[in-house]
Amino acid sequence: MNCEIRNEGDAAVVVLSGDVDLESSPQVRAALLECVSARRTVVVDMMAVTYIDSSGVASLVEAFQSARKSSTRFVLARVSGAAMRVLELARLDKVFKIVDEVADGLVHGG
Amino acid sequence: MARSRDAVSRDALAGAPAVGAPVLSDYLELLARLGQDFAASLDVTRTLELALERIAGHLDAEAASLFLLEREDAELVCHACVGPVDIKGLRIAADQGIVGRAVSANASQIVRDVRLDPDFASVVDDDTGFTTRSILCAPMSVKDRRVGAIELVNKRSGDGLFSEEDRHVLQSLASSAALAIINARLTGQLIEQERLRRELELAAEIQRSLLPPRRAADFPVCGVNRPARSVSGDFYDIFPLPDGRICFNVGDVSGKGMNAALLMMKTASLYRCLGKSIDDPGPLLARINEELCETGTRGMFVTLVGGVYDPATDSVRFANAGHEPPLLQHPGGSYTAFPAEAPPLGIALDLVGADGYPVTQCRLDGGCLAVFSDGITEWQREDGAMLGARGLKSMLRELYGLAPVERLAALFARLDPGEAELHDDMTMLLVQRSRARVTGSAAGPDDAGGTDEPVLVVRVPARVGSLRLVRRLVREAARACGCGSECVRDIVLAVDEACQNVVRHAYGEHASGDMLVQMRRDGQRLVIDLVDFAPPVDIARIRPRPLEELRPGGLGTHFMNACMDACEFRTPPPGAGNRLWMVKTIR
């Protein structure tokens with residue numbers, strides 16, 4: 001699993017790739033929480049996520065909750081089919097803000 | 001003349017004017033004092049008395065009284081008075097006298113000579129020998145909220161008449177007093193509300209703890225109760241008998257609130273207690289009815305369906321006392337309803353004939369019996385119409401493919417009003433034999449022989465690092481068996497979550513061990529066994545949490561149940577600790 005953070009102005013784009021599972025999700029969790037506390041906007045690029053499990057979902061949820069508390073915009077972008085299926089199973093597909101492109105996530109009001 | 005700032009006594013006012021009367025030269029200071037008094041004490045009465053003393057002293061009146069509106073604004077009652085005559089407790093009609101006029105008109109009144117004023121009521125003077133000469137009266141009100149009035153009698157100094165300045169002063173003092181009274185009442189109300197809320201929460205907690213425990217996935221009876229507010233008037237219960245049959249009930253109390261909840265808990269306890277020795281629903285309901293009628297229900301009653309399921313014959317015996325008709329859903333899709341043939345419990349002793357409550361017996365034949373409260377059928381759809389039996393049948397038909405526990409969860413998710421409040425408590429119970437064949441022994445039909453074809457056997461250390469390897473192997477194996485990509489994804493997710501449970505929980509912190517993943521193909525089904533070698537787990541403590549209670553650990557179990565056709569703990573092979581059995585049809 002790879003987790004890269006890219007700066008776009010005062011926003012952060014967190015690019016996840018590979019399997020987000022019990023082994024790698026703590027790393028994802030830490031990265032997301034840090035970005036949420038430091039930035040106004042966080043976009044998670046999930047195009048290259050090949051697998052995500054309940055611990056990965058939990059990391060996303062925790063970051064989402066933290067973002068709400070600090071009024072940070074938190075968006076999931078390019079959610080792969082596999083990841084979407086998991087979000088739907090967890091009935092969180094309507095909870096997260098999900099966009100098709102990273103750019104959509106960076107624009108306010110999008 | 002210097003005056004001391006002592007607390008005023010009635011005698012001091014009644015006697016010589018100067019000595020002992022308090023001086024508060026600035027009426028703003030008086031206001032502040034009043035504000036402090038009210039803030040300091042919630043004893044409104046005492047504070048009113050104190051306030052009146054200060055006001056009368058400041059405006060140099062011989063006597064003063066404070067009236068509050070009561071009996072829904074029909075009466076004025078004297079709550080405090082100062083002066084030679086004690087009229088505390090005096091009640092007059094709200095429009096009577098000068099004080100009544102002040103309140104009705106919501107305007108202060110100066111009466112220079114009461115003999116010339118037709119509204120002056122001389123009743124009190126006549127009784128007491130006191131002579132009222134002049135009156136200054138100001139209503140106590142805040143915007144449109146009328147609280148009462150303050151009346152001052154007989155100005156002592158000067159020409160004995162109250163001036164316009166006195167009127168202004170009294171008006172603002174009266175307004176402050178009104179505000180303070182309203183605040184004190186509100187505070188009292190808030191405290192009471194908070195107390196009630198806490199009691200309800202406690203009651204709700206007790207109720208929740210009485211709900212039956214979650215059982216293994218193949219248990220044939222399951223239920224859900226969702227209260228509209230903290231406490232519920234609905235209930236359900238499930239408990240097994242020693243011979244393997246299973247007792248169940250769904251009940252609904254007619255009232256709302258605390259009383260209904262208490263009756264509900266009493267009925268539920270009675271049922272559980274008596275149900276263990278009276279195993280036929282007819283006599284059981286009769287006995288409960290006797291008890292409820294004997295101890296009285298204050299006009300409330302309980303509708304109830306109570307029954308017994310026999311796993312050996314896949315059949316149910318039940319009785320319906322005035323309750324919403326249960327629905328028997330046949331595998332083909334049709335339904336049979338069972339309307340009540342007897343009245344609710346708790347109304348009267350002689351309403352049911354000598355034979356007791358009529359009992360219905362029916363075979364499920366693989367179908368499902370749904371017992372529910374009317375909160376479900378009366379659930380309001382977005383267009384305002386009720387769900388009705390028709391809507392419910394349609395929903396149950398749609399969700400029939402899910403296992404009963406999942407079906408209930410899905411149904412309740414659909415009936416979730418979101419932010420809005422529920423109108424009524426909702427309870428539903430399903431009786432249906434598990435579709436997966438249940439085996440209690442290691443050598444059951446699923447375990448050996450037949451078309452059973454082993455596909456994968458892998459034993460790995462139960463560590464986080466092993467998960468990826470297991471996922472890869474399971475993915476390849478499932479593909480090799482002809483599973484489509486969605487099917488493969490589901491299987492991989494379920495196995496991964498199951499392995500995580502082993503990794504996280506099976507072995508303690510300082511212990512380590514292996515986990516064994518086996519995949520077999522049985523015709524069009526893939527059967528997966530996950531075995532560990534840790535101490536056996538208590539099934540009752542592994543409950544998939546309802547989705548509403550989203551927490552990371554619970555989500556994994558939900559995924560497992562949602563992705564696989566069946567998923568349950570089974571007897572492990574000799575030497576092993578726990579065995580989780582999962583099956584998925586190849587698609």
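Refer to the structure presented above.
Since the structure is predicted, the reported quantities are computational estimates derived from the model, not experimental observations.

1. Considerations on the overall build of chain B
Phase 1: Looking only at helices and strands, one finds 14 helices and 21 strands in chain B.
Phase 2: When the 587 residues of chain B are sorted by exposure, 39% land in the buried category.
Phase 3: The contacts of chain B with a sequence gap of at least 6 include a subset with a gap of at least 24, amounting to 63%.

2. Let's talk about the interface of chain B and chain A
Quite often, the size of an interface is put as the accessible area lost when its parts meet.
Phase 1: Residue-level contacts link 17 residues of chain B with 16 residues of chain A.
Phase 2: At the level of secondary structure, the elements contributing two or more residues to the side of chain B that touches chain A comprise helix 12 (467-480), helix 13 (485-506) and helix 14 (552-563) of chain B.
Phase 3: When its residues are assigned to classes, the side of chain B that touches chain A shows nine nonpolar, three polar and five charged.

3. A word on the nonpolar core
Phase 1: Ranked by size, the top nonpolar core spans 134 residues in total, and within it V42 of chain A together with I491, A494 and V495 of chain B carry the most contacts.
Phase 2: Per-domain counts for this core show at least three residues from each of domain 2 (211-431) and domain 3 (452-585) of chain B.
Phase 3: Setting aside residues up to four positions removed in sequence, V42 of chain A forms contacts with A11, A12, V14, C35, V36, A67, T72 and F74 of chain A.
Phase 4: Among the nonpolar cores identified, the runner-up in size contains 46 residues, and L48, A51, A61 and I98 of chain B belong to it.

4. A short note on the packing of helix 12 of chain B against helix 13 of chain B
Residue and element names in this part refer to chain B.
Phase 1: Contact pair helix 12 / helix 13: the axes reach a minimum separation of 9 Å and the direction vectors enclose 150°. The chirality of how helix 12 crosses helix 13 is right-handed. Here L467, V470, R471, V474, R475, A478 and R479 of helix 12 lie close against helix 13, whose contacting residues are C487, V488, I491, V492, V495, D496, C499 and Q500.
Phase 2: Along the lines of polarity and charge, the residues of the contact of helix 12 with helix 13 split into 10 nonpolar, one polar and four charged.

5. With respect to the sheet that holds strand 11 (residues 315-321) of chain B
All names here are of chain B.
Phase 1: If you walk across this open sheet you meet the five strands as 8-9-10-11-14, and the pairing is antiparallel. Every interior strand has two partners, whereas the edge strands, strand 8 (234-240) and strand 14 (359-363), have only one. In this sheet, neighbouring strand axes are inclined to one another by 15° on average, regardless of whether the strands run parallel or antiparallel.
Phase 2: As defined by bridge partners, strand 8 adjoins strand 9 (residues 246-253) across seven bridges and the pair is classed as antiparallel. Opposite D234, over in strand 9, you have D252 as the bridge partner.
Phase 3: Across the sheet, helix 7 (residues 257-275) is in contact with strand 8, strand 9 and strand 10 (302-310); its angle to strand 9 comes to roughly 160°.
Phase 4: Each of strand 10, strand 11 and strand 14 touches helix 8 (residues 281-295); the most contacted strand, strand 10, lies at about 150° to it.

6. Some words on helix 8 of chain B
Residues and elements named next belong to chain B.
Phase 1: Along its 15 residues, helix 8 runs 21 Å from first to last C-alpha, staying within 8% of the 21 Å computed at 1.5 Å per residue.
Phase 2: Listed in full, the buried residues belonging to helix 8 are P281, G282, L284, L285, A286, I288, N289 and L292.
Phase 3: Next to the buried residues of helix 8 lie helix 7, strand 10, strand 11 and strand 14.
Phase 4: G296, located one to two residues past helix 8, shows a positive phi value of around 80°.

7. Quick look at the environment of P26 of chain A
Phase 1: Here P26 of chain A shows up in helix 1 (residues 25-38).
Phase 2: A C-alpha to C-alpha distance of 7.6 Å links P26 of chain A and S59 of chain A, two positions 33 residues apart in sequence.

Conventions adopted
Residues numbered from 1 in each chain as written. Chains lettered and ligands numbered in written order. Predicted model: local features only at pLDDT ≥ 70, side-chain atom pairs only at ≥ 80, totals over all residues. Helix = DSSP H or I, 4+ residues; strand = E, 2+ residues; numbered from the N terminus. Buried ≥ 20, exposed ≤ 12 C-beta atoms within 10 Å, placed from the backbone. Contact = placed C-beta atoms within 7 Å. Nonpolar A, V, L, I, M, F, W, Y, C, P; charged D, E, K, R; others polar. Core = buried A, V, L, I, M, F, W, Y, C linked by C-beta atoms within 7 Å. Domains from an automatic or database assignment. Axes fitted to C-alpha atoms, helices over the stretch in contact; angles between N-to-C directions. Left-handed = near helix turned anticlockwise from the far one by under 90°. Pairing = 2+ DSSP bridges. Expected span 1.5 Å × (residues − 1).

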